[in-house]
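# Survey of secondary and tertiary structure
The residues making up each chain are set out below.
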Amino acid sequence: MSTRPPLLLLHGVTMSAAAWDTVAPLLDDRFDLIVPTALGHRGGPPVQGRASVGALTDAIESLLDELGLTKVHIAGNSMGGWMAIELARRGRASSVCALSPAGIWEPTAKPGRSRVTLMRTKKMADATRLLTPSLMRSGLLRRMILGNIALHGNRLTTKQARTSFYDLVACTAAEDLLTTSEYMQPFVDLPCPVTVAWSEGDRIFPPHEFVPTARRRLPAAHFSILPGVGHVPMIDNPESVAQAIVDSIDGPVT
């Protein structure tokens, strides 16, 4: 039996477990990694009924039950960061590292600009699904195509970029999740350490717009900025993401 602590890695909307492929090798020598693909996402279980962040979180909690794990360290990006915080709210987290978490919007009947941008990206991918994979051979075009989620999309290999694109096209839960009326409710009395690490160059959830609200929703969390990365920081700098996760568990080196 392994003595390494379990670490759960949760990806963002329309992505898959492959989102962590560049980070996982930097962590698997000291953690037992659990890297699932969410309901309704390519390679994950199908959704029964309407997809919601609550339902996806339920499924991850059931996975922990199946594995016999009461609490685990959790890191998540975007929707995965939101799910990580909700799992902490349920008492299932030993620590949380939320990377540009989603859900930091006001309750509203209509999705805001950020979610509209993601919906347009999904529609564009669907419309160009036969053309775009061939364009991924060019580093310059990878950078352009992935520009909303990364500052340096060219750092992904052609295969990695195509995987991300196929994940986007095949995500059946996208419309439900991007139009959800759910939002992250205030969480004052944190049961475990929570780090919110926001991407400095986040074009989906710009830090100047979302971090002040996040601080009000999570007043006891530790906040930091990840420099030189976009909304999916695992693309731009997997080393800094791995270090942020380790620091959220061990505390930063002083």
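The sections below set out a description of the structure shown in this document. (Residues numbered from 1 in each chain as written. Predicted model: local features only at pLDDT ≥ 70, side-chain atom pairs only at ≥ 80, totals over all residues. Heavy atoms only, no water.)

## A look at empty space enclosed by the protein
Tallied over the entire structure, the rule returns 2 cavities of 30 Å³ or more. Roughly 100 Å³ of volume is contained in the largest cavity. Among the residues forming the lining of the largest cavity, the class breakdown is 10 nonpolar, 2 polar and 1 charged. Of the pockets and cavities examined, the second largest cavity occupies roughly 40 Å³. Taken together, the residues that form the lining of the second largest cavity break down as 6 nonpolar, 2 polar and no charged. (1 Å grid on protein atoms, 1.4 Å probe; cavity = no way out; pocket = protein on both sides within 12 Å on 5 of 7 lines; lining within 4 Å. Points joined across faces, edges and corners; volume = space filled by probe spheres on them. Nonpolar A, V, L, I, M, F, W, Y, C, P; charged D, E, K, R; others polar.)

## Remarks on the layout of surface pockets
Taken as a whole, the largest pocket spans an internal volume of roughly 460 Å³. Residue lining of the largest pocket: 23 residues in total, with T121, I145, L146, I149 and L168 positioned closest to the centre. Where the lining of the largest pocket is concerned, the elements lending two or more residues are α3 (113–127) and α6 (158–170). (Helix = DSSP H or I, 4+ residues; strand = E, 2+ residues; numbered from the N terminus.)

## A closer look at the pairing of strand β1 (residues 6–10)
Burial analysis of β1 places 5 of its 5 residues in the buried class, the great majority of the element. Where β1 meets strand β2 (residues 32–34), 3 bridges bridge the pair, whose relative direction is parallel. Each bridged residue has a counterpart across the sheet, and for P6 the counterpart in β2 is D32. One ladder, built from 4 bridges, connects β1 with strand β3 (residues 72–77); its direction is parallel. Paired with L9 across the two strands is A75, which belongs to β3. (Buried < 20%, exposed > 50% of the residue type's maximum accessible area, 1.4 Å probe, protein only. Pairing = 2+ DSSP bridges.)

## Notes on the pairing of strand β6 (residues 222–226)
With 5 bridges connecting them, strand β5 (residues 194–199) and β6 associate as parallel partners. From the neighbouring strand, W198 faces β6, where its bridge partner is I225. As for the winding sense of the linkage, the β-α-β connection from β5 through helix α8 (residues 207–217) to β6 is right-handed. (Right-handed = clockwise from strand over helix to strand, strands pointing away.)

## Considerations on the side chain of T213
With respect to the secondary-structure elements, T213 resides in helix α8. Beyond its immediate sequence surroundings of up to four residues, T213 is in contact with I104 and E106. (Contact = heavy atoms within 4.5 Å.)

## So, the sheet that holds β1
What the 6 strands build is an open sheet, ordered β2-β1-β3-β4-β5-β6; its pairing is parallel. The open sheet has two edge strands, β2 and β6, and neither has a second partner. Recorded for the sheet is a direction-independent mean angle of 20° between the axes of neighbouring strands. Contacts from helix α10 (residues 238–250) reach β1, β3, β4 (93–99), β5 and β6, with the element oriented near 145° to β4. (Axes fitted to C-alpha atoms, helices over the stretch in contact; angles between N-to-C directions.)

## Brief notes about the packing of aromatic side chains
This structure, assessed with the given rule, holds 4 aromatic pairs. With a centroid separation of 5.5 Å and an interplanar angle of 90°, the aromatic rings of W82 and W105 are classed as edge-to-face. With W82 in helix α2 (residues 79–89) and W105 in the loop between β4 and α3, this residue pair connects regions lying 23 residues apart in the sequence. Across the pair, exposure class does not vary: W82 and W105 are buried alike. Through pairs of rings, three or more aromatic residues link up here, namely W82, W105, F205 and F210. Lying over the aromatic face of F187, R89 brings its terminal NZ or CZ to 4.6 Å of the ring centre. Lying over the aromatic face of W105, R115 brings its terminal NZ or CZ to 4.0 Å of the ring centre. (Phe/Tyr/Trp six-rings, centres within 6.5 Å; stacked < 30°, edge-to-face > 60°. Lys NZ or Arg CZ within 6 Å of the ring centre and 35° of its normal.)

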